[in-house]
Amino acid sequence: MSSTLTSVELGKVPSVKEECAVQMTTELVDPTEDANWDRQVLSHPRANAFHSAAWARVLMTTYGHRPVYVRCTKGDRLVALVPLMEVQSLLRARRGISLPFSDFCDALLFDPSCEEECYLRLGAMAPQRNWRYLELRGTGCVPASATPAVSFYSHQLDLRGGPEAVSGRFRPSVRQALRKVGRTPLTVSIEHSEAAMRTFFPLHVLTRRRHGLPPQSLSFFLNIHREIIAQKMGFVVVVRLEGRPIAAMVFFHWGKTGIYKFGASDKSFQELRPNNLAMSTAIQSLAEAGSETLHFGRSSLSNAGLRRFKLTWGATEEMLHYYRYDIRRGEWGASRDRTEGLHTELFRRLPSMLNRLAGSLIYAHLD
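The rules behind each value
Residues numbered from 1 in each chain as written. Predicted model: local features only at pLDDT ≥ 70, side-chain atom pairs only at ≥ 80, totals over all residues. Heavy atoms only, no water. Salt bridge = Lys/Arg side-chain N within 4 Å of Asp/Glu carboxyl O. Helix = DSSP H or I, 4+ residues; strand = E, 2+ residues; numbered from the N terminus. Disulfide = S-S within 2.5 Å. Buried < 20%, exposed > 50% of the residue type's maximum accessible area, 1.4 Å probe, protein only. Polar contact = N/O pair within 3.5 Å; in protein donor to acceptor, adjacent residues only side chain to side chain. Contact = heavy atoms within 4.5 Å. Phe/Tyr/Trp six-rings, centres within 6.5 Å; stacked < 30°, edge-to-face > 60°. Lys NZ or Arg CZ within 6 Å of the ring centre and 35° of its normal.

1. What about the pattern of salt bridges?
Next, step 1: A full pass over the atoms with the stated rule returns 18 salt bridges.
Next, step 2: Close ionic contact of Asp111 with Arg77 constitutes a salt bridge, the shortest N to O distance being 2.6 Å. Placement of the pair is Asp111 in the loop between β8 (108-109) and α4 (115-128) and Arg77 in strand β5 (residues 77-82), with a sequence separation of 34 residues.
Next, step 3: If you follow the salt bridges from partner to partner, you end up with Glu27, Asp34 and Arg71 in one network.

2. Focus: the state of the cysteines
Next, step 1: In this structure the tally under the stated criterion is zero disulfides.
Next, step 2: In this model Cys72 remains outside any disulfide bridge; the closest cysteine sulfur is found in Cys118, 4.0 Å from its own.
Next, step 3: Cysteine Cys114 is unpaired, with the sulfur of Cys118 as its nearest cysteine sulfur at 5.9 Å.
Next, step 4: Among the residues examined, Cys114 registers a relative accessible area of 4% and is labelled buried.

3. Side note on the environment of Ser219
Next, step 1: When you line up the elements, Ser219 lands in helix α8 (residues 218-229).
Next, step 2: Overall, Ser219 belongs to the partly exposed group, its relative accessible area being 40%.
Next, step 3: Separated by 145 residues in the primary sequence, Ser219 and Ala364 place their C-alpha atoms 12 Å from one another.
Next, step 4: Among the polar contacts listed, one links the side chain of Ser219 to the side chain of Ser217, at a separation of 2.9 Å.

4. Some points on the side chain of Thr281
Next, step 1: Within the secondary structure, Thr281 sits in helix α9 (residues 274-288).
Next, step 2: Residues within four places of Thr281 in sequence aside, it is in contact with Val188, Ile190 and Val237.

5. Brief notes about the packing of aromatic side chains
Next, step 1: Scanning all chains against the criterion turns up 24 aromatic pairs.
Next, step 2: Relative to Trp332, the ring of Tyr119 lies with its centre 6.2 Å away and its plane at 20 degrees, an arrangement referred to as stacked. On the criterion of sequence distance, the pair formed by Tyr119 in helix α4 and Trp332 in strand β17 (residues 331-333) is long-range, its members being 213 residues apart. The pair formed by Tyr119 and Trp332 is uniform in burial state, with each residue classed as buried.
Next, step 3: Through a chain of ring-to-ring contacts, the aromatic side chains of Phe50, Trp55, Tyr63, Phe101, Phe104, Phe200, Phe201, Phe220, Phe221, Phe252 and Phe262 assemble into a single cluster.
Next, step 4: Taking the ring centre of Tyr153 as reference, the NZ or CZ of Arg307 above it sits at 4.1 Å.

6. Comments concerning the environment of Gly123
Next, step 1: Relative to the helices and strands, Gly123 resides in helix α4.
Next, step 2: For Gly123, a relative accessible area of 3% puts it in the buried group.

Set out below in structure tokens:
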């Protein structure tokens, strides 16, 4: 589906020259049906698995979200690619999110000089689709005057130079922990099977309850396996003690970027450092496969322990901002980090069965 959208004033952004608006064409794309989407995304240096058609299929299949991905061109020249999902449920208003359940998803600008124009096109599209708000998670298509709705820590590890160079960036505490792991009976493997994802899931349920959050549904992870892991766009690292799984992590990799998406473990075995073994194994594998960056995802500003864990691997810390434009009020609004709050104590106390039921009901309305 294609449409040429007229520019509208959004906030206090200066207007764009009419001749530029006429030149730009804006298409609304379903990446799962567009043969060119993945190829064009991979031509951008900041591409990652969240931009892919495979991730779009996970979100569509699990939650029924509608893709309204945006492609901006000028003649034959590609200007920008912006993944967007239209999210709607009985409990919340329709909104545009880039992207739900994605730690970050930068708009991919191929011509930075057109950023303002692309942003205005998104602003024109939002009221036409009757969105309550537009949320952008990361950089690109966001005016300098915009105020972040909520912020997180973001950590990235440089994987260039080979495994030895990468391990040289680890802090002494990590190297010491890995030496300790070498004296334990732990085993570790990188796996791509559905069985591996099913092995991960009970640990995920256990970990989320410990953190006071409901788990994502098993169907969500099975969709991830089918669309991401089975297509060799990711893998599961499983750490076992005498055959018993005690820790597991899920990683995505696409283009030159790896993403640490999920981690889970049995805390009763924490002193054996299984999480360190899982992470170091994944880092080595990604570096050997030619990935240049490992993104550790977002971390809540209040989660000092997770932040410390990521920094010990030699990662570079940056701020990750989400921006939310309220269409009715015509202003950039605030949001909040929903991983913290009074609800966490409730979910810590609920039995695992009820936690799983809550997750299957709640996440269909969240993003």
